[in-house]
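Each chain is listed here by its residues.
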Amino acid sequence: MNLRFEEERKKERRIQFLKESLRFLAAVVLMILLAWLIIHFALKRVGVIGSAMETTLFNGEDVIVNKTSYLVLSPRRGDVIAFYPEQKETDLTALDDSSILIRRIVGFPGETIQIKEGVIYIDGEVIEEDYEFEFMLSAGQANSKLKLAEDEYFVLSDNRADMDDSRNVTFTKVTRENIIGKVILKLNPLSLIGGPEKSNEEETENKTETENKTETETKTETEN
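Residues numbered from 1 in each chain as written. Predicted model: local features only at pLDDT ≥ 70, side-chain atom pairs only at ≥ 80, totals over all residues. Heavy atoms only, no water.

Chemist: Looking at this model, I keep getting lost on the overall build of the protein. Mind explaining?
Modeler: The helix and strand inventory of the protein stands at two helices and 12 strands. In sequence order, the protein lays out its α and β elements as α-β-β-β-β-β-β-β-β-β-β-β-β-α. Residue burial in the protein is summarised as follows: out of 224 residues, 31% are buried. Sequence separation of 24 or more characterises 65% of the internal contacts of the protein that already satisfy a separation of 6 or more. Roughly 15500 Å² of accessible area belongs to the protein as shown, and the carbon and sulfur atoms make up 54% of that amount. (Helix = DSSP H or I, 4+ residues; strand = E, 2+ residues; numbered from the N terminus. Buried < 20%, exposed > 50% of the residue type's maximum accessible area, 1.4 Å probe, protein only. Contact = heavy atoms within 4.5 Å. Areas by Shrake-Rupley, 256 points an atom, 1.4 Å probe, with all protein chains shown as cover.)

Chemist: Sorry, what's going on with unusual backbone geometry here?
Modeler: With omega at 10°, the peptide bond leading from E54 into T55 counts as cis. Mapped onto the elements of the fold, T55 is located in the loop between β1 (43-47) and β2 (62-66). With an omega of -5°, the peptide bond between N188 and P189 qualifies as cis. Looking at the secondary structure, you find P189 in the loop between β11 (179-187) and β12 (190-192).

Chemist: Teacher, can you tell me more about the side chain of S166 here?
Modeler: Along the polypeptide, S166 turns up in the loop between β9 (152-156) and β10 (174-175). Residue class for S166 comes out buried when judged on its relative accessible area of 8%. Separated by 2.9 Å, the side chain of S166 and the backbone nitrogen of V155 make a polar contact. For S166, the contacting residues outside a window of four places in its chain are Q141, Y153, F154, V155 and F171. (Polar contact = N/O pair within 3.5 Å; in protein donor to acceptor, adjacent residues only side chain to side chain.)

Chemist: Hey, could you run me through the pairing of strand β3 (residues 80-83) in this one?
Modeler: Remark: a regular strand shows side chains that alternate across the two faces of the sheet. Alternating residues of β3 divide into V80 and A82 and I81 and F83, and every residue in both groups is buried. As paired strands, β3 and strand β4 (residues 101-107) are joined by four bridges and run antiparallel to one another. Along β4, the bridge assignment pairs V80 with R104. In the sheet, β3 pairs with β11 via three bridges, with the strands oriented antiparallel. (Pairing = 2+ DSSP bridges.)

Chemist: Sorry, what's going on with the environment of D130 here?
Modeler: The topology assignment puts D130 in the loop between β7 (125-126) and β8 (146-147). Take D130: its relative accessible area is 66%, and that puts it in the exposed class. Each C-alpha atom of the pair D130 and G195 lies 8.0 Å from the other, and the pair is 65 residues apart in sequence.

Chemist: Would you explain a nonpolar patch on the surface in this entry?
Modeler: Judged by side-chain polarity, L30, L33, W36, L37 and F41 come together as a nonpolar surface patch covering roughly 530 Å² of accessible area. Mapped onto the elements of the fold, L37 is located in helix α1 (residues 2-42). Using a relative accessible area of 36% as the deciding quantity, one classes L37 as partly exposed. (Patch = residues over 30% accessible without salt bridge, like charges linked within 9 Å, V, L, I, M, F, W, Y side chains within 5 Å. Salt bridge = Lys/Arg side-chain N within 4 Å of Asp/Glu carboxyl O.)

Chemist: Before we go on, may I ask you to explain the environment of R77 in this structure?
Modeler: Here R77 shows up in the loop between β2 and β3. Placed 76 residues apart in sequence, R77 and Y153 show a C-alpha to C-alpha distance of 9.9 Å. Filtering out sequence-adjacent residues up to four positions away, R77 remains in contact with I105, V106, G107, F108, E111, I122 and I127. Reaching out from R77, the side chain makes a polar contact with the backbone oxygen of V106 at a distance of 2.6 Å. Within the structure, the side chain of R77 is placed 3.0 Å from the side chain of E111, a separation counted as a polar contact.

Chemist: Whenever I open this one, the packing of aromatic side chains confuses me. Can you help?
Modeler: The geometry of an aromatic ring pair is captured by two quantities: the separation of the ring centres and the angle between the planes. Enumeration according to the criterion identifies two aromatic pairs in this entry. Ring geometry for F83 against F171: centres 6.4 Å apart, planes inclined by 80°, an arrangement best described as edge-to-face. Taken together, the residues span a long stretch of sequence, with F83 in strand β3 and F171 in the loop between β9 and β10 at a distance of 88 residues. A residue is classified by how much of its surface remains accessible, and F83, at 0% relative accessible area, is buried. For F171, a relative accessible area of 12% translates into the label buried. On the basis of an interplanar angle of 90° and a centroid distance of 6.2 Å, the ring pair of F108 and Y153 is categorised as edge-to-face. Of the two residues, F108 is situated in the loop between β4 and β5 (112-116) and Y153 in strand β9; the sequence distance between them amounts to 45 residues. The pair formed by F108 and Y153 is uniform in burial state, with each residue classed as buried. The residue whose ring lies beneath K116 is Y121, and the NZ or CZ to ring-centre distance is 4.6 Å. In this structure, R160 is placed above the aromatic ring of F133, and the distance from its NZ or CZ to the ring centre is 3.9 Å. (Phe/Tyr/Trp six-rings, centres within 6.5 Å; stacked < 30°, edge-to-face > 60°. Lys NZ or Arg CZ within 6 Å of the ring centre and 35° of its normal.)

And the structure:
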């Protein structure tokens, strides 16, 4: 009787182990499938071409683009986006990854943009950007007030000395239809997309200025 009971218990354990193993295997398969779907449909690896986005991004650097960023929400001012250049109806050449451009959004559809003495005006108001960029020596076509179409975005290079952006009359028109998604990651080293990186020389100058300012303030307080 005890022998039969032990056999039943062993059989139940084997069945339980098999069930747990199948659940674990199913979970692993599901995770792999989910990761594959995310990699192939939600994310895209893109190579940076040119120096227009220096020093945020450099030529040849690989980045990750989130293709789902704007499925529900609209692009935000300051977003770094990847997009295809506009194709003319007569152009039958298929767009490939080598034609992808990366720039930073500054103006939205329907807005009026103007750049005066390196300062960006949107609908007559000065906009404050999240990062420090080089002084813009040329405003290009934005020297005069520029009214954006209802489906048009105004983009700038982070390297503001590089006119390969919406300031240039020959630059492609950037529309929502051509936007692939938001650039979210740099791969080497792995890091989030921010703004221009300061050189060691700039960091030293800023540090010296801060130290001098602190020293002056301390000296003034002591004298008082």
